[in-house]
Number of protein chains: 6
Amino acid sequence: MSVVYQNIRRADAATADGFKDYGVATVHEAQGRKGLMAPYMRPIYPGAHIAGTAVTVEVPPGDNWMIHVAVEQCRAGDILVVAPTSYCDMGYFGDLLASSLMARGVRGLIIDAGVRDVADLTRMKFPVWSKCVSAQGTVKETVANCNVPVVCGGALVHPGDVIVADDDGVVVVRRKEAGPVLAKSKAREEKEAATRARLTAGELGLDFYKFREPLAAKGLKWMDQPPEE
Amino acid sequence: MSVVYQNIRRADAATADGFKDYGVATVHEAQGRKGLMAPYMRPIYPGAHIAGTAVTVEVPPGDNWMIHVAVEQCRAGDILVVAPTSYCDMGYFGDLLASSLMARGVRGLIIDAGVRDVADLTRMKFPVWSKCVSAQGTVKETVANCNVPVVCGGALVHPGDVIVADDDGVVVVRRKEAGPVLAKSKAREEKEAATRARLTAGELGLDFYKFREPLAAKGLKWMDQPPEE
Amino acid sequence: MSVVYQNIRRADAATADGFKDYGVATVHEAQGRKGLMAPYMRPIYPGAHIAGTAVTVEVPPGDNWMIHVAVEQCRAGDILVVAPTSYCDMGYFGDLLASSLMARGVRGLIIDAGVRDVADLTRMKFPVWSKCVSAQGTVKETVANCNVPVVCGGALVHPGDVIVADDDGVVVVRRKEAGPVLAKSKAREEKEAATRARLTAGELGLDFYKFREPLAAKGLKWMDQPPEE
Amino acid sequence: MSVVYQNIRRADAATADGFKDYGVATVHEAQGRKGLMAPYMRPIYPGAHIAGTAVTVEVPPGDNWMIHVAVEQCRAGDILVVAPTSYCDMGYFGDLLASSLMARGVRGLIIDAGVRDVADLTRMKFPVWSKCVSAQGTVKETVANCNVPVVCGGALVHPGDVIVADDDGVVVVRRKEAGPVLAKSKAREEKEAATRARLTAGELGLDFYKFREPLAAKGLKWMDQPPEE
Amino acid sequence: MSVVYQNIRRADAATADGFKDYGVATVHEAQGRKGLMAPYMRPIYPGAHIAGTAVTVEVPPGDNWMIHVAVEQCRAGDILVVAPTSYCDMGYFGDLLASSLMARGVRGLIIDAGVRDVADLTRMKFPVWSKCVSAQGTVKETVANCNVPVVCGGALVHPGDVIVADDDGVVVVRRKEAGPVLAKSKAREEKEAATRARLTAGELGLDFYKFREPLAAKGLKWMDQPPEE
Amino acid sequence: MSVVYQNIRRADAATADGFKDYGVATVHEAQGRKGLMAPYMRPIYPGAHIAGTAVTVEVPPGDNWMIHVAVEQCRAGDILVVAPTSYCDMGYFGDLLASSLMARGVRGLIIDAGVRDVADLTRMKFPVWSKCVSAQGTVKETVANCNVPVVCGGALVHPGDVIVADDDGVVVVRRKEAGPVLAKSKAREEKEAATRARLTAGELGLDFYKFREPLAAKGLKWMDQPPEE
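Presented here is a report on the structure given in the accompanying data block. (Residues numbered from 1 in each chain as written. Chains lettered and ligands numbered in written order. Predicted model: local features only at pLDDT ≥ 70, side-chain atom pairs only at ≥ 80, totals over all residues. Heavy atoms only, no water.)

### Brief notes about the overall build of chain A
Part 1 of the argument: Looking only at helices and strands, chain A features eight helices and eleven strands.
Part 2 of the argument: Seen along its three principal axes, the alpha-carbon backbone of chain A occupies a region of about 70 × 45 × 35 Å.
Part 3 of the argument: When burial is assessed residue by residue, chain A has 63% of its 229 residues classed as buried.
Part 4 of the argument: At a minimum sequence separation of 6, the contacts of chain A that also span at least 24 residues come to 76%.
Part 5 of the argument: Of the accessible surface of chain A, which amounts to about 8100 Å², a share of 52% is contributed by carbon and sulfur atoms.
Part 6 of the argument: Across chain A, 27 positive and 28 negative side-chain charges occur, with their mean positions spaced 6 Å apart. (Helix = DSSP H or I, 4+ residues; strand = E, 2+ residues; numbered from the N terminus. Buried < 20%, exposed > 50% of the residue type's maximum accessible area, 1.4 Å probe, protein only. Contact = heavy atoms within 4.5 Å. Areas by Shrake-Rupley, 256 points an atom, 1.4 Å probe, with all protein chains shown as cover. Lys, Arg positive; Asp, Glu negative; His and termini not counted. Charge placed at Lys NZ, Arg CZ, Asp CG, Glu CD.)

### Structural notes on the sheet that holds strand β6 (residues 128–133) of chain A
Residues and elements named next belong to chain A.
Part 1 of the argument: Pairing is mixed across the open sheet formed by seven strands, whose spatial order is β2-β6-β5-β4-β3-β9-β10. Only two strands of the sheet have a single neighbouring strand rather than two, namely β2 (42–43) and β10 (169–173).
Part 2 of the argument: Looking at chain direction, strand β3 (residues 50–59) and strand β9 (residues 162–166) are connected through four bridges and run antiparallel. Within β9, the residue paired with A51 across the bridge is V164. (Pairing = 2+ DSSP bridges.)

### Thoughts on the packing of helix α3 (residues 65–73) of chain F against helix α4 (residues 95–103) of chain F
Residues and elements named next belong to chain F.
Part 1 of the argument: It is at 9 Å that the axes of α3 and α4 come closest, and there the two elements cross at 15 degrees. As far as their axial angle goes, α4 and α3 are roughly parallel. The handedness of the crossing between α3 and α4 is left-handed. Only L97, S100 and L101 of α4 make contact with α3, whose side of the interface consists of I67, H68 and V71.
Part 2 of the argument: Each residue belonging to the contact of α3 with α4 can be placed in one class, and the counts come to four nonpolar, two polar and no charged. (Axes fitted to C-alpha atoms, helices over the stretch in contact; angles between N-to-C directions. Parallel < 35°, antiparallel > 145°, perpendicular 65-115°, else oblique. Left-handed = near helix turned anticlockwise from the far one by under 90°. Nonpolar A, V, L, I, M, F, W, Y, C, P; charged D, E, K, R; others polar.)

### A few points about unusual backbone geometry
Residue and element names in this part refer to chain B.
Part 1 of the argument: We note that D117 has phi near 60 degrees; this positive angle belongs to a residue other than glycine.
Part 2 of the argument: Inspection of the secondary structure puts D117 in the loop between β5 (109–115) and α5 (118–124).
Part 3 of the argument: One non-glycine residue, N147, lies in positive phi territory at about 65 degrees.

### Some remarks on the relation of the copies chain A and chain B
Part 1 of the argument: Note on the identical chains: chain A maps onto chain B by a rotation of 120 degrees and an axial translation of 0.0 Å, with an RMSD of 0.1 Å. This pairing of chains is accounted for by a three-fold axis. (Least-squares fit on C-alpha atoms with pLDDT ≥ 70 in both.)

### A few points about the pairing of strand β9 (residues 162–166) of chain C
All names here are of chain C.
Part 1 of the argument: The buried count for β9 comes to five of five residues, which makes it a mostly enclosed element.
Part 2 of the argument: Going residue by residue along β9, you find V162, V164 and D166 tucked away on one face and I163 and A165 tucked away on the opposite face as well.
Part 3 of the argument: Note: β9 against strand β10 (residues 169–173), five bridges, orientation antiparallel. Note on β10: the bridge partner recorded for V164 is V171.
Part 4 of the argument: The turn joining β9 and β10, which pair antiparallel and follow one another in sequence, is formed by two residues.

### Things to note about the interface of chain C and chain A
Part 1 of the argument: At the interface, 39 residues of chain C touch 36 residues of chain A.
Part 2 of the argument: For the pair chain C and chain A, the summed buried area comes to about 3400 Å², and 56% of that belongs to carbon and sulfur atoms.
Part 3 of the argument: Of all residues in chain C, C:R9, C:W65 and C:L96 give up the largest surface area on contact with chain A, accounting jointly for 18% of the area buried on that side.
Part 4 of the argument: Seen at the junction of chain C and chain A, the total is seven salt bridges.
Part 5 of the argument: The salt bridge involving C:R116 is made with A:E29; its shortest N-O contact spans 3.0 Å.
Part 6 of the argument: The interface formed by chain C and chain A includes 19 residue pairs in polar contact (both at pLDDT 80 or more).
Part 7 of the argument: At the level of secondary structure, the elements contributing two or more residues to the side of chain C that touches chain A comprise β1 (2–6), α3 (65–73), α4 (95–103) and α5 (118–124) of chain C.
Part 8 of the argument: For the side of chain C that touches chain A, the leading source of residues is α3(C), giving seven residues.
Part 9 of the argument: Classifying every residue of the side of chain C that touches chain A by side-chain character gives 19 nonpolar, ten polar and ten charged. (Buried area = accessible area lost by both parts, 1.4 Å probe. Salt bridge = Lys/Arg side-chain N within 4 Å of Asp/Glu carboxyl O. Polar contact = N/O pair within 3.5 Å; in protein donor to acceptor, adjacent residues only side chain to side chain.)

### Notes on the state of the cysteines
All names here are of chain D.
Part 1 of the argument: Counted under the stated rule, the structure contains zero disulfides over all chains.
Part 2 of the argument: Left unpaired, C74 is separated from the closest cysteine sulfur, that of C146, by 7.4 Å.
Part 3 of the argument: Judged by its relative accessible area of 3%, C74 is buried. (Disulfide = S-S within 2.5 Å.)

### Focus on the interface of chain A and chain B
Part 1 of the argument: The partner chain B presents 36 residues to the 39 residues of chain A that form the contact.
Part 2 of the argument: Of the roughly 3400 Å² buried between chain A and chain B on both sides combined, carbon and sulfur atoms contribute 56%.
Part 3 of the argument: If you sort the residues of chain A by the area they bury against chain B, A:R9, A:W65 and A:L96 come out on top, with a joint share of 18%.
Part 4 of the argument: Applying the counting rule to chain A against chain B returns seven salt bridges.
Part 5 of the argument: When the shortest N-O distance is used, the salt bridge between A:D95 and B:R196 registers 2.6 Å.
Part 6 of the argument: The interface formed by chain A and chain B holds 18 residue pairs in polar contact (both at pLDDT 80 or more) in total.
Part 7 of the argument: Within the residue set of the side of chain A that touches chain B, elements represented by two or more residues are β1 (2–6), α3 (65–73), α4 (95–103) and α5 (118–124) of chain A.
Part 8 of the argument: The dominant element in the side of chain A that touches chain B, judged by the number of residues it contributes, is α3(A), at seven residues.
Part 9 of the argument: Taken together, the residues of the side of chain A that touches chain B sort by class into 19 nonpolar, ten polar and ten charged.
Part 10 of the argument: Examined bridge by bridge, β1(A) and strand β11 (residues 220–224) of chain B share five bridges and lie parallel to one another.

### Focus: the packing of aromatic side chains
Part 1 of the argument: Counting across every chain of the model gives 24 aromatic pairs over all chains.
Part 2 of the argument: Each ring, one from B:Y209 and one from B:F211, has its centre 5.1 Å from the other, and the planes form 25 degrees; the classification is stacked.
Part 3 of the argument: The class of B:Y209 is partly exposed, set by a relative accessible area of 30%.
Part 4 of the argument: Taking the centre distance of 6.0 Å and the plane angle of 20 degrees together, the rings of F:F93 and F:F126 count as stacked. With F:F93 in the loop between β4 (78–84) and α4 and F:F126 in the loop between α5 (118–124) and β6 (128–133), the pair connects residues that are 33 residues apart, well separated along the chain.
Part 5 of the argument: One aromatic cluster is present, built from ring pairs that chain together A:W65, B:F208, B:Y209 and B:F211. (Phe/Tyr/Trp six-rings, centres within 6.5 Å; stacked < 30°, edge-to-face > 60°.)

### A few points about the sheet that holds strand β2 (residues 42–43) of chain C
Residues and elements named next belong to chain C.
Part 1 of the argument: Taking strand neighbours across the sheet as the criterion, the seven strands line up as β2-β6-β5-β4-β3-β9-β10 in an open arrangement whose pairing is mixed. A strand with exactly one partner marks an edge of an open sheet, and here the two such strands are β2 and β10.
Part 2 of the argument: Against the sheet, α3 touches β3 (50–59) and β4 (78–84), its axis set at about 140 degrees to β3.

### So, α4(C)
Part 1 of the argument: Burial analysis of α4(C) places seven of its nine residues in the buried class, the great majority of the element.
Part 2 of the argument: Those residues of α4(C) that fall on the buried side of the exposure criterion are C:D95, C:L96, C:L97, C:A98, C:S99, C:S100 and C:L101.
Part 3 of the argument: Its buried side turned inward, α4(C) meets α6 (178–200) and α7 (205–208) of chain A together with α3, β4 and α5 of chain C.
Part 4 of the argument: In the stretch just after α4(C), C:G105 is the one whose phi turns positive, near 85 degrees.

### Concerning the side chain of D:S130
Residue and element names in this part refer to chain D.
Part 1 of the argument: Along the chain, S130 falls in strand β6 (residues 128–133).
Part 2 of the argument: Among the residues examined, S130 registers a relative accessible area of 4% and is labelled buried.
Part 3 of the argument: At 3.0 Å, the side chain of S130 and the backbone oxygen of C132 are in polar contact.
Part 4 of the argument: Apart from the residues within four sequence positions on either side, S130 is in contact with Y40, M41, R42, I44, I111, A113 and V115.

See the structure below:
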């Protein structure tokens with residue numbers, strides 16, 4: 001038996017939206033360097049940056065039927081996370097499914113498999129992070145589960161978790177940790193903004209961070225380049 | 001002995017041109033999911049979409065002399081398909097060869113090897129689908145065949161076949177099958193356009209495609225997410 | 001003990017700047033096909049083309065402390081070249097370090113590892129050629145050497161060498177060979193410009209390069225495609 | 001806070017041991033084609049075939065301290081499953097840790113990262129399935145969780161699940177599904193044994209499986225190869 | 001409609017068998033450096049070396065039904081060559097199909113996709129060259145063609161061509177060129193045997209091949225290593 | 001002009017030989033985690049373990065002429081290190097060159113490119129660590145340098161440096177650092193031998209290394225697995 005769990009608990013919407021202001025690298029640091037998907041998860045076009053709550057769905061290898069099921073479970077502010085039950089790189093998702101998701105206010109797709117119609121998706125401004133681009137289509141024969149924990153890009157995603165994605169990749173924030181991680185992301189970003197201003201003005205990181213003494217203590221020496229032989 | 005076949009039979013020009021309106025994923029489906037090149041064949045810049053008739057040429061590893069031979073065999077509406085006789089990833093093709101091909105009305109290049117001068121090619125709007133980008137040049141020492149069947153990106157291409165390429169990849173349509181496949185692509189696209197309108201308006205695919213009953217028949221259940229432990 | 005060499009000998013600034021007019025493929029050919037980095041060194045955004053003098057720095061795996069040290073050794077016209085002491089693909093470099101480098105007039109970064117904050121770097125127009133994009137950050141624990149010879153993208157780089165990078169990749173020109181290689185690049189480009197004009201006008205490479213006779217001598221035959229079976 | 005869960009519920013030992021008689025491909029089919037790790041998970045030497053219960057452990061990138069913690073949680077019949085909290089390919093595990101695990105009766109290691117001392121591990125007959133071989137060592141600085149659900153090779157593993165690994169790869173069987181899946185594996189294998197005997201004796205699969213009629217119904221024709229042109 | 005061509009023309013059996021004495025590298029050189037499959041086609045166990053005549057079969061992505069059809073077309077001395085109609089890396093082939101092929105005297109399998117049951121295949125001494133190992137199985141739903149030209153590992157194979165495979169990879173020899181290529185392989189090998197004897201005895205290649213003069217003419221100088229700085 | 005440096009300074013022979021007793025992982029740790037080649041440098045057969053002094057040679061892409069030159073510079077106890085001047089993966093080296101090197105007492109080959117005749121090399125017990133296996137041969141047209149510093153597998157190698165290679169990969173030890181690094185490798189190995197004895201006897205690493213207290217100080221808790229929901 002396969003199950004579609006409805007009415008899932010989601011991270012607080014305002015909290016999830018708040019992550020839109022912070023990059024994946026910042027959020028990953030802020031939550032203690034966990035939850036990062038593998039670097040092979042790349043955006044289909046540059047410049048997209050989204051945050052939202054995860055609706056998760058399993059798909060059998062080469063079969064995208066369950067994505068149609070998942071669409072109904074999505075609402076405004078969600079991000080759909082698709083994970084094959086076994087390794088597969090076919091093109092599960094194209095512009096028709098994107099039309100459906102956009103009609104429901106979904107912010108993007110994260111899929112550990114292939115995607116197609118990428119020119120259309122770019123024009124529609126529907127961002128996707130995927131393992132590859134492939135025109136190879138799929139069938140509709142087999143069911144699986146929707147809104148259960150899934151593995152995507154090597155990271156575990158529970159329904160209702162927060163997803164943040166930008167040009168650096170994709171990171172998952174646990175639903176119950178979203179509030180504190182958002183606060184830590186904000187604190188980190190504010191601190192970085194102050195630092196950025198001083199570094200942009202030309203102050204050296206060596207001075208700003210007071211690195212000269214600890215570097216010397218580790219045995220680093222400065223000397224002129226020796227004359228040429 | 002190596003041979004250059006001249007005056008090849010090409011797919012009908014109007015038919016070949018007609019494929020410009022259909023994406024690679026659509027054409028691949030329309031002809032029964034065959035003829036797709038491997039996903040490693042990627043465009044050097046996004047947004048290009050071409051269709052035309054294939055002029056094919058073999059090149060020895062690390063030797064691009066035969067591409068100069070192939071230029072003369074090309075005419076307006078053609079797409080040049082280049083296949084090394086053994087696996088190679090050097091940069092066989094750059095802006096000078098592209099100037100020659102553009103002067104003859106050639107629409108693009110498909111090469112199962114490397115390409116270089118990609119900034120120039122982007123400015124010239126000469127699209128290329130290749131295995132990689134490499135500045136590593138080639139020599140001019142050895143001859144091979146032109147306008148014989150070649151293997152490119154894992155797909156067999158005969159001279160005169162139709163090539164369609166876009167951001168999803170590259171697909172080959174047999175010369176004699178071009179007419180029926182174009183008709184099927186058109187039918188598929190029209191059907192999808194109607195579907196797209198209804199999905200964009202918010203109708204669920206579950207309802208539109210009447211999926212609820214067969215899904216239930218396969219054992220899919222809908223239930224509320226259980227309360228938290 | 002680790003050392004930071006200061007006041008390094010650099011290639012002549014006007015010479016280094018002169019390479020800005022020539023592509024990586026041209027320079028690689030002009031210096032006899034050496035010094036090309038591996039094709040996996042890719043730009044984070046298309047269209048950048050830089051030339052400048054190398055400041056080199058080693059970084060331990062997963063530790064970017066030495067990049068802060070290297071910033072101080074950079075001056076206007078330099079390009080920073082970062083090489084891990086052992087294979088690593090974490091995200092060593094982001095927008096804060098880029099702010100520091102831009103404040104000093106540095107033209108770009110070449111790194112045989114990962115980079116992050118690529119959306120910010122694209123907005124700032126600070127070009128980077130890297131092995132991958134990764135949000136995975138690094139620590140500041142261990143020292144290494146600055147301005148010693150390093151290996152980056154499979155190529156040996158000495159401090160003060162000229163680096164040229166564009167959409168085709170990255171090439172290194174030895175400091176003492178910069179003058180002659182620039183002259184050869186210019187000569188090659190001028191010759192190509194004349195060739196390009198004639199090829200663009202429709203003259204065939206077969207005629208322009210006088211290839212017909214040597215091709216025939218190698219056994220190449222032209223004949224009409226045989227009729228269909 | 002990080003946690004080590006002790007006294008975990010494991011799949012029944014006799015059931016787990018029973019999987020030793022069935023290959024990964026058989027078990028994967030028997031449980032409905034789910035739970036297969038990605039093909040990049042390869043054995044360090046050929047011929048190993050193990051089944052056992054999973055002890056799971058998270059490791060921070062480049063830090064193997066938690067593996068020492070996990071050793072204590074292992075008992076005879078277990079298989080240790082190690083998953084980095086973010087993508088990493090360093091060499092987390094070598095012959096000393098293998099000595100500890102063998103002393104406790106552990107049957108092997110599954111690690112979504114690198115392993116080293118592979119010549120020693122081969123001599124000791126301690127099998128490992130890993131993403132890569134790397135001599136690059138790790139530190140002991142940071143804690144994480146032990147015996148929580150982890151993602152390894154793209155598959156979700158709960159503590160106490162059954163792991164089966166052979167030269168074809170690695171598959172995970174849920175603890176509560178182990179009994180039925182073992183029965184199905186046995187049934188499948190028995191059926192295959194009977195089939196194998198008849199195929200080895202020369203009976204054609206076309207006849208044995210009664211494929212000729214359905215193949216013809218799908219439009220397959222048999223004809224002699226046409227004479228040569 | 002799909003077709004199975006029967007009673008194909010094969011290269012002469014004695015000639016095909018004769019290639020068993022020559023390695024892939026030798027045959028590839030002897031036929032002018034063409035017909036080599038891509039380096040990703042690797043043997044599942046070391047030490048196998050086979051030569052025979054090709055029976056070819058197309059398989060749809062994720063569907064191995066046609067391999068059962070192809071078995072009947074094979075006879076003693078053949079090698080089965082399997083090519084997906086679109087890129088796929090599932091495990092199409094295991095020990096049951098190998099039992100059938102061995103019963104008919106088939107010498108091995110070349111498949112541009114995945115294979116499974118590799119431990120059994122190793123025990124049975126049935127050699128396979130494949131793109132990958134994958135336990136992921138396939139279905140039996142769709143027909144395709146048997147004994148038509150196919151592309152495998154990037155090389156074009158016609159039914160009846162000679163296949164030679166060893167630890168270096170796989171090479172294809174055209175049916176009509178088999179006689180002359182065998183003669184050239186023999187000549188090459190005899191010449192190498194004489195060379196090998198002299199090099200093994202300690203004669204330098206520089207002297208044996210008379211390389212010193214042409215090397216000097218290209219500008220190569222010998223000098224003592226300069227003293228250390 | 002290209003140069004062959006003769007009579008190079010080599011690391012002390014007894015010291016170089018001494019590294020034969022220590023694995024690559026041990027030596028890499030002993031010298032402070034530097035000098036490791038990239039994990040893509042893999043042995044052509046398992047079980048080889050060599051140490052010796054480096055003779056280095058550059059080769060142009062697709063041209064192995066300089067390897068013949070390098071043979072003459074090798075003597076008993078050396079290991080030949082071959083580096084293309086630009087990225088290349090052809091098969092530069094086969095059994096004839098191995099015969100020459102074995103006649104001179106050379107212990108193995110490290111090559112950042114392809115190798116062929118691997119079945120013969122395995123029979124001859126001539127170990128090779130390479131980027132890939134490829135039957136694709138090379139030409140003899142262009143000269144380069146011998147016994148200059150080269151980059152191989154991403155690591156810088158000077159002539160006379162010590163090379164250690166085993167199933168874990170390849171590490172380079174600087175000529176002048178060989179003595180101290182050997183001593184540190186020995187110390188490390190002795191310490192590990194004592195540790196190994198106690199771990200093999202069943203003592204936990206947690207106790208042996210006194211990890212319990214620092215783990216607890218970092219916030220690690222032990223607790224029983226909660227009951228099932």
